[in-house]
Amino acid sequence: VQLVESGGGLVQPGGSLRLSCAASGFTFSSYSMSWYRQAPGKERELVAGISSAGGVTNYADSVKGRFTISRDNAKNTVYLQMNSLKPEDTAVYYCAAVRLGSWGQGTQVTVSS
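Residues numbered from 1 in each chain as written. Predicted model: local features only at pLDDT ≥ 70, side-chain atom pairs only at ≥ 80, totals over all residues. Heavy atoms only, no water.

A. Spatial organisation of the overall build of the chain. A count of helical and extended segments in the chain gives 0 helices and 11 strands. Relative to a compact globule of 113 residues, whose C-alpha radius of gyration would be 13 Å, the chain shows 13 Å and is just as compact. In terms of its C-alpha atoms, the chain occupies a principal-axis envelope of roughly 40 × 25 × 20 Å. Considering only contacts in the chain between residues 6 or more positions apart, those separated by 24 or more positions represent 51%. Here the chain displays about 5,700 Å² of accessible surface, and carbon together with sulfur accounts for 46% of that area. Each charge class in the chain can be summarised by its mean position, and for the 10 positive and 7 negative side chains these summaries are 5 Å apart. (Helix = DSSP H or I, 4+ residues; strand = E, 2+ residues; numbered from the N terminus. Rg over C-alpha atoms; globule rule 2.2 N^0.38 Å. Contact = heavy atoms within 4.5 Å. Areas by Shrake-Rupley, 256 points an atom, 1.4 Å probe, with all protein chains shown as cover. Lys, Arg positive; Asp, Glu negative; His and termini not counted. Charge placed at Lys NZ, Arg CZ, Asp CG, Glu CD.)

B. Structural view of the pattern of salt bridges. Scanning all chains against the criterion turns up 4 salt bridges. With its nearest N and O atoms 2.9 Å apart, the salt bridge here joins Asp 89 to Arg 37. A residue pair is termed long-range when its members are at least 10 positions apart, and Asp 89 in the loop between β8 (77-82) and β9 (91-97) and Arg 37 in strand β4 (residues 33-38) qualify at 52 residues. Overall, the relative accessible area of 1% leaves Asp 89 in the buried class. Judged by its relative accessible area of 6%, Arg 37 falls in the buried class. The salt bridge partner of Lys 64 is Asp 61, with a shortest N-O separation of 3.2 Å. Take Asp 61: its relative accessible area is 66%, and that puts it in the exposed class. Overlapping salt bridges, with partners in common, bring together Arg 37, Glu 45, Arg 66 and Asp 89 in one network. (Salt bridge = Lys/Arg side-chain N within 4 Å of Asp/Glu carboxyl O. Buried < 20%, exposed > 50% of the residue type's maximum accessible area, 1.4 Å probe, protein only.)

C. Here's a closer look at unusual backbone geometry. Despite not being glycine, Asn 76 has its phi angle at roughly 55°, a positive value. Assignment of secondary structure puts Asn 76 in the loop between β7 (67-72) and β8. Residue class for Asn 76 comes out partly exposed when judged on its relative accessible area of 26%. Even without a glycine there, the phi angle at Ser 84 is positive, about 50°.

D. The arrangement of the side chain of Ser 20 in detail. Here Ser 20 is to be found in strand β3 (residues 17-24). For Ser 20, a relative accessible area of 16% gives the class buried.

E. Inspection of the nonpolar core at higher detail. In this structure, Met 33, Trp 35, Val 78, Leu 80, Met 82 and Tyr 93 are the most contacted members of the largest nonpolar core, which totals 29 residues. Mapped by element, the contributors of at least two residues to this core are β3, β4, β5 (45-50), β7, β8, β9 and β11 (107-111). Apart from residues no more than four positions distant in its own chain, Leu 80 is found in contact with Leu 17, Arg 18, Leu 19, Trp 35, Val 47, Ala 48, Phe 67, Thr 68, Ile 69 and Tyr 93. (Core = buried A, V, L, I, M, F, W, Y, C linked by side-chain atoms within 4.5 Å.)

This is the structure:
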């Protein structure tokens, strides 16, 4: 099982980023997927989750209305569209197939002027 995130970077407050997570080594379309994040000195927290077919999503209250999780099962990829970014969104973002106990290596998102 391999999960590889990409798309992180430095962005100004109010800006947008789209994270991608390419999955391999398992039947991607059979598993729900999640995005987590961990800021310095804080515990890892769930940001968003999506069901195996993509019909059900859930979000942390802190990102509702700003972030959108989606997936393309034909491409074995899950996305996190992040809009209206705030400095408090700064963290390392991880893609996870929690049922498999699999995590990506993380991608850094920094929101700063």
